[in-house]
Amino acid sequence: MPGTTETALKRKRKGKSEPAQKRPRSDSNSSSGSGGHDDEQSRILLLEQGILESRKNYNNITTLIGISRKQDDGAEAAMVAAVSLCRIFIRLLASGNLSRTKDASEKDETIVRWLRERLGEYQESLISMIKRDELALTALTLSMRILKAEAEHLHSNAEYSFPRAFFTEIVAALVQPGVDGSVREEFLGKFVNEYDDIRFYTFKSIRDILTRPASETSEQTLDNVFGLLTSIDGVPGSNKDLEDFYVDRPNAKSHPLFLLSQHKKQAQEAWLALMRLGLTKDQRKKALEVMTVSISPWFSKPELLMDFLTDSYNAGGSTSLLALSGVFYLIQERNLDYPLFYPKLYSLLDADILHSRHRSRFFRLLDTFLASSHLPAVLVASFIKKLARLTLNAPPSAIVAIVPWMYNLLKKHPLCTFMLHRVPRTKEEKDLIESEGVGDPFLPDEQDPMETHAIDSCLWEIVQLQSHYHPNIATIAKIISEQFTKQVYNLEDFLDHSYGSLLDAEMSKQVKKTPVVEFMIPKRIFSRADSASEEQDSLLVELWDFGLP
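So, how was this worked out
Residues numbered from 1 in each chain as written. Predicted model: local features only at pLDDT ≥ 70, side-chain atom pairs only at ≥ 80, totals over all residues. Heavy atoms only, no water. UniProt positions renumbered as here; feature names shortened; annotations may be inferred. Helix = DSSP H or I, 4+ residues; strand = E, 2+ residues; numbered from the N terminus. Expected span 1.5 Å × (residues − 1). Buried < 20%, exposed > 50% of the residue type's maximum accessible area, 1.4 Å probe, protein only. 1 Å grid on protein atoms, 1.4 Å probe; cavity = no way out; pocket = protein on both sides within 12 Å on 5 of 7 lines; lining within 4 Å. Points joined across faces, edges and corners; volume = space filled by probe spheres on them. Phe/Tyr/Trp six-rings, centres within 6.5 Å; stacked < 30°, edge-to-face > 60°. Lys NZ or Arg CZ within 6 Å of the ring centre and 35° of its normal. Patch = residues over 30% accessible without salt bridge, like charges linked within 9 Å, V, L, I, M, F, W, Y side chains within 5 Å. Areas by Shrake-Rupley, 256 points an atom, 1.4 Å probe, with all protein chains shown as cover. Salt bridge = Lys/Arg side-chain N within 4 Å of Asp/Glu carboxyl O. Lys, Arg positive; Asp, Glu negative; His and termini not counted. Charge placed at Lys NZ, Arg CZ, Asp CG, Glu CD.

Labelled according to an unreviewed UniProt entry, the protein chain appears under the name CBF/Mak21 family-domain-containing protein, originating from Phialemonium atrogriseum. Looking at the Sequence similarities (unreviewed entry) heading of the UniProt record, one finds this comment for the protein chain: "Belongs to the CBF/MAK21 family."

(A) Here's a closer look at helix α10 (residues 196–210). With 15 residues, α10 ought to run about 21 Å at 1.5 Å a step, and its terminal C-alpha atoms sit 22 Å apart, in line with that. Among the 15 residues of α10, 13 are classified as buried, and the element is accordingly described as predominantly covered.

(B) Spatial organisation of the layout of surface pockets. Here the largest pocket defines a volume of roughly 650 Å³. What lines the largest pocket is a set of 24 residues, among which R422, V423, D456, S457 and C458 lie closest to the centre. Looking at the lining of the largest pocket, the elements with two or more residues in it are α21 (427–436) and α22 (460–465). Here the lining of the largest pocket gets three residues from one element, more than from any other, and that element is α22.

(C) Region of the structure containing the packing of aromatic side chains. This structure, assessed with the given rule, holds 22 aromatic pairs. Residues F362 and F363 carry aromatic rings whose centres are separated by 5.8 Å and whose planes lie at 70° to one another, so their mutual orientation is edge-to-face. Neither F362 nor F363 differs from the other in exposure class; each is buried. Connected via pairs of aromatic rings, a cluster forms that spans F162, F167, F187, F191, Y195, F200, Y201 and Y246. Here the basic side chain of K148 rests over the ring of Y246, its NZ or CZ set 4.9 Å away from the ring centre. Taking NZ or CZ as reference, K486 lies 5.2 Å from the ring centre of Y489, over its face.

(D) Layout of a negative patch on the surface. Taken together, E194, D233, D241, E243 and D244 make up a surface patch of like negative charges. Relative to the assigned elements, D244 resides in the loop between α11 (219–230) and α12 (260–276). Overall, D244 belongs to the partly exposed group, its relative accessible area being 40%.

Here is the structure:
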């Protein structure tokens, strides 16, 4: 309200309403400790009661807003004032005191404009409270209540209206670096994952926030945005599933809130806005880990992820490994043309992959990628041979999964079984092998799996594993030398093994026959044997003299 009108309102309050406001103030000044706190609450309640009783006391709103802003001096009083203001504005909104009407007088228009300005100030106060740990959860609840009341009552016509500006500021406050993660979890659990309209406008708000100047989006803010997006529940199945609304639903059935395609569009734009800002290496890995679960299902055009996934796949190392499932999804579902997929996949086979914490995930994908019977036997043989070579220096927990995987692959591609048993075609060739041995034609440094000559080689590495120091590995390696009577092994029984699980399996194994151990317990270790006895001195005594100086 303009200054002259505000002065007029203050002038009208002189009289009966003035003593009611002065009395709590004098009590507050004369009290201390808990009594002062109670008097401050009483004063706030009296101010609220005066506002609800008469329009003459609307200036009390300014007083309450001032109290709510003093969050450093008295957080409890600020919160009581904020709760009181929430009740006030919800009632004023419901009664239409903040709505403009065509036949309203100039005075009423001025009051409405003034009340709207105070509502904006109160909303700013709530946003600042969200950034304070002790006030955040309550401030979030109050903000959402005010948003609901504003959306349902504060619009000039009968059409649907959602207060996007205020909601965007709420989301922007939630993703700030100083805000505790529990507040975002509260927002996700009670609002985003419960109501379709809140989720829809959350995507919109995130896009708006990320398109602001770069100086306003720190790395921690991007992390918070990423966590918020990945925590949103799965995609609805159809338009019929869009039925839960926090604000009264629109009347028009063609509204974007009723269309799943529009929900996906908003989610897609939010994710693209995040990716365009340039993710760090850790953020990129997190995105790739949830690509097929939390990101690509929201994309109405998953082909927009091609550049991001192919760049990640070409990066090498663990980043390429994590991008595998996303690239294959686009190849399979969206007909992505990636002719170098298998050469790149072959290049990932190195010693590090068998020590990676993503090893189980890689073998699950590898089993899928090589399952087709239409793949050339030369290509499949290269993967089998390369992994067989890597087992010579691999940890037992990796070998225990590789051997069954080879067995399954040899069953699917019978042409590769020539690598198991090669018979000399002539006697001269047999004599040459027995006298001089045979060289391995496999080229381990060749990058193209079609040119490694693995199909001409043999799996002699598996024979070496049959003498492995770990008894489980030696036992499982012998299945390659036996008849292939088993149809297929279930890889899930082998993929998640570790040193600890293998050791526990050995320790818990029931021993049917006690092993024979020959060991003589020495009677002396550091001292020499008596000259009269036939006992021999220990090796330590012979090498060192442990006598006193």
